[in-house]
Amino acid sequence: VPPYVCAFSRKCLQPHAFWSCETTRPSTSVRDMSQAVTRSTGAWARRDLNARQAILVACLAMAAVTGIDVADNGRLGFVFSLGFVLIVVTVALAADLDSLFQAGVFPPILLIGTLGVVATFWPDAIHVNGLADDAGFIGRMIAATIDHGKTLVAGHGLALGLIGLRIATAPDRRYPSTSST
């Protein structure tokens with residue numbers, strides 16, 4: 001029978017349910033409950049997405065945000081910008097450590113791709129001061145990219161900062177833990 005680690009005591013290796021452990025009894029106090037939660041394993045606390053999953057979810061979310069913003073007022077506005085920043089920050093936080101390069105390169109691609117789709121299917125949704133009404137695809141793409149430049153800088157900067165923090169605080173995976181507790 002393989003040993004099981006008790007949820008309330010890492011010292012107890014008895015194969016039993018955690019509520020019948022003799023070394024520690026679960027308590028109903030908030031302090032004891034919070035200690036039990038902080039001792040939970042990282043596998044349950046963190047379910048990161050791989051690069052493909054994170055990019056797919058981000059594209060679907062960006063399509064939903066863009067559709068809502070265009071349907072609401074007929075143009076790309078604050079909802080689009082806020083949605084973009086939140087989505088790229090979420091990708092940087094949700095991607096696993098092996099997918100952080102893709103998460104760092106992704107924000108400009110997402111913005112330009114989304115603006116390309118909007119310029120193709122809803123060209124009237126791109127309103128930029130000084131843009132001619134008969135501007136073509138390339139003109140609308142350039143104008144929209146420049147118009148949403150602050151959004152790109154804010155979102156990409158936050159994403160890169162979070163990626164840097166994740167790399168700096170990541171456990172060193174080169175030397176696995178040899179402790180037997």
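Residues numbered from 1 in each chain as written. Predicted model: local features only at pLDDT ≥ 70, side-chain atom pairs only at ≥ 80, totals over all residues. Heavy atoms only, no water.

It is worth spelling out helix 3 (residues 51-73) at this point. Between its terminal C-alpha atoms helix 3 stretches 33 Å, which fits the 33 Å expected from 23 residues at 1.5 Å a residue. Burial in helix 3 covers these residues: A51, A54, A58, M62, V65, T66, D69 and V70. Buried-residue contacts for helix 3 involve helix 4 (78-94) and helix 5 (100-121). (Helix = DSSP H or I, 4+ residues; strand = E, 2+ residues; numbered from the N terminus. Expected span 1.5 Å × (residues − 1). Buried < 20%, exposed > 50% of the residue type's maximum accessible area, 1.4 Å probe, protein only. Contact = heavy atoms within 4.5 Å.)

Next up on the list: the confidence of the model for the chain. Interpretation of the predicted coordinates at a detailed level should be avoided for regions scoring low in pLDDT. Of all residues in the chain, 70% attain a pLDDT of 70 or more, and the chain-wide mean is 79. When pLDDT is averaged over each helix and strand of the chain, the minimum, 50, is found for helix 2 (residues 42-45) and the maximum, 95, for helix 4. (pLDDT = per-residue confidence, 0-100.)

The residue S99 is located in the loop between helix 4 and helix 5 in this model. Using a relative accessible area of 6% as the deciding quantity, one classes S99 as buried. Other than its neighbours up to four places away in sequence, S99 contacts L49, N50 and A51.

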